[in-house]
Every structure is written in structure tokens, then in C-alpha cells.
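Spelled out from the first residue to the last, the chains are:
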Amino acid sequence: MALVELRGVCKSFRKGDETITPLDHIDLDIDAGEFVSLMGPSGTGKSTLLNLVSGIDRPDAGTITVAGTEVTKLSRSKLADWRAANLGYIFQTHNLIPVLTAYENVELPTLLLKLTSTERRQRVELALEAVGLSDRADHYPRQLSGGQEQRVGIARAIVAHPQVVVADEPTGSLDTETSEQVQTLLQRLNKELDITMLMVTHDSDVAAIASRQLVLDRGKFLEQSGTTPTRKAEGDEMIKQFG
Ligand SMILES: Nc1ncnc2c1ncn2[C@@H]1O[C@H](COP(=O)(O)OP(=O)(O)OP(=O)(O)O)[C@@H](O)[C@H]1O
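Sequence order as written defines residue numbering, which begins from 1 separately in each chain. Side-chain atom pairs in this predicted model are given and counted only at pLDDT of 80 or more, local residue features only at pLDDT of at least 70, and totals for whole chains, interfaces and linings cover all residues.

**Describing the overall build of the chain**
Within the chain one finds 7 helices and 10 strands. Principal-axis analysis of the C-alpha atoms gives the chain an extent of 50 × 40 × 40 Å. Considering the chain as a whole, with its 243 residues, one finds that 40% of them fall into the buried category. Any pair of residues counts as being in contact when their C-beta atoms, constructed from backbone geometry, are within 7 Å of one another. Restricting to contacts in the chain with at least 6 residues of sequence separation, those with at least 24 account for 70%. Secondary structure is summarised from DSSP: a helix means a run of H or I of at least four residues, a strand means a run of E of at least two, and numbering begins at the N terminus for each. Put simply, a residue is buried when 20 or more other C-beta atoms lie within 10 Å of its own C-beta and exposed when 12 or fewer do; between those, it is partly exposed, and each C-beta is set from the backbone.

Listed below in C-alpha cells is the structure:
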């Protein structure tokens, strides 16, 4: 069984008198360890798909199974616990809480996990280390660069050691150089920490870092062929002993 499995997934939205159906009987399999990128025209349902896989939203029909759990069957409260333990979400604009430090932002999702305070501190320190920001733990978001803020957002997404991370335009608001650093980091999380990735992007160069490239167009997935360039790693000391 695939790590992420979608079967017959449908999702519609009502806009006034109109019904929009971005996802109409979608099937998708993502195996453990894959890095899948998802491109496609605006409004085809890419973000909707990420929200369904992460259990933020529910499909109108169909089933979604992630790491053996049928998330479409979970109650709202169980879903919140499941998400905190199993799934990381990276946003385009990191969504950090401005009055919390980098450490406290990364710590937030762990508050939903049953951990001792020592385990919690170790998780947060390890996640910050994995993104190369141990020395910025006490900084507030306004004291960080855009790329550093995004790396804190990535640390927050991996702090629970999820098997799956979904990313919605993770490089969309970054300059070229910072974008490349974040791409390197995502590739390393996938290869070195074995995190399965599903990433939405509008940038074909960013999509090319994935091991499988999909395009969602008019409710259908098309496979794109392409090579997977490995971006040169900047700090080899970054991802160590995580997991
Ligand atoms: N909560 C909602 N209520 C109403 N309509 C919605 C909602 N969420 C998404 N939609 C609509 O569903 C369609 C798919 O939206 P979605 O954001 O998933 O597309 P997308 O492929 O991610 O687009 P983009 O590339 O522009 O980010 C759009 O027409 C959007 O307006």
C-alpha cells in the first residue's frame, strides 16, 4: 500500500449560485520516500488537494489514507491529534507567530503531543539544528531574514518527526538564492530524514528537484518526466542524528 493513497476523491465549493468542482474523482498513490511536486494552472485544486491530504479540509466523497490511517474517517478532534503527530505543513508565507521566538514557534505543534518536557526540548533543538538555525532560537520572526523565517516554518513542520510533509509554494516568496537554499533543505529532508514530500509549486525549476513531477490539469494528473538535480548542500553539518 502506498504511504499516501487517494481514491475517488471529490471536492466542490459553492460560490453564490455556482458550484466549482476542482477535484472530481481523483486517484493518487505516493510511496514512502518519494518527493512529489505538483504543478498546474491556477485554480485547478492544488492547494485544495494539500488541505485534504493534511486533513485540514474534508472531501465530499472518496477516501484518503495516510500511513495506514484513513484520515477521512477520523473525527475532528482525532484528526487534530493525528495531524500533529503525522503530518507537517509548510506554507508559502511561513505563518510564524510574531510574538513568539523561533524556538517557541517550532515548539507549538509539540504541545499537542504526549512528550515530557525534556523530549519536547530535544525535538525542538533537533528541528532547529536540522534547518541550521540553532543560533537563532531566541530571535523573533521580525529579527530573521525571509529565508530564515521559512526555515523556522520548515523546522515547525518536521518537529513532530512526521512521515509526510506537504508544502504549498514553499519558495514562492523568496529570492532566487534563498529559494535555492530552501530547495536544498527540502531535498535533504527527503533524502536524509526519509520524509515523504508533496510540494505544490508554480516554478518548473523548483518542481524539478522532486523525484516525481505531476501536473494537475482539469481534474487529471499528468506525469512529467525530468531529471532530479541535487542542489549543492551548503552546510553539511545541518541534518544530523534527526529522527
Ligand atoms: N474555501 C473555499 N471556498 C470556496 N471556493 C474555494 C475554496 N477553496 C478553494 N476554492 C476554489 O476552488 C478552486 C481551486 O482552488 P485552489 O486554491 O485549490 O487552486 P490552486 O490550484 O491551488 O490555485 P493557485 O495555483 O492559484 O494557488 C478555485 O476556483 C478556488 O476559488
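Picking up where we left off.
**Some remarks on the environment of Gln-187**
Take Gln-187: it is sitting in helix 6 (residues 176–192). With 152 residues separating them in the primary sequence, Gln-187 and Phe-35 have C-alpha atoms 8.0 Å apart.

**Observations concerning the site of the ligand**
Whether a residue is near a molecule or strand depends on its C-beta atom, placed from the backbone, lying within 6 Å of it. Around the ligand, the neighbouring residues are Phe-13, Lys-15, Ile-20, Pro-22, Gly-40, Ser-42, Gly-43, Thr-44, Gly-45, Lys-46, Ser-47 and Thr-48. Counting residues per element, the shell around the ligand draws most heavily on helix 1 (residues 46–53), at 3 residues. Within the shell around the ligand, the residues separate by chemical class into 3 nonpolar, 7 polar and 2 charged. Polarity classes work like this: nonpolar for Ala, Val, Leu, Ile, Met, Phe, Trp, Tyr, Cys and Pro, charged for Asp, Glu, Lys and Arg, and polar for all others, with Gly in that last group.

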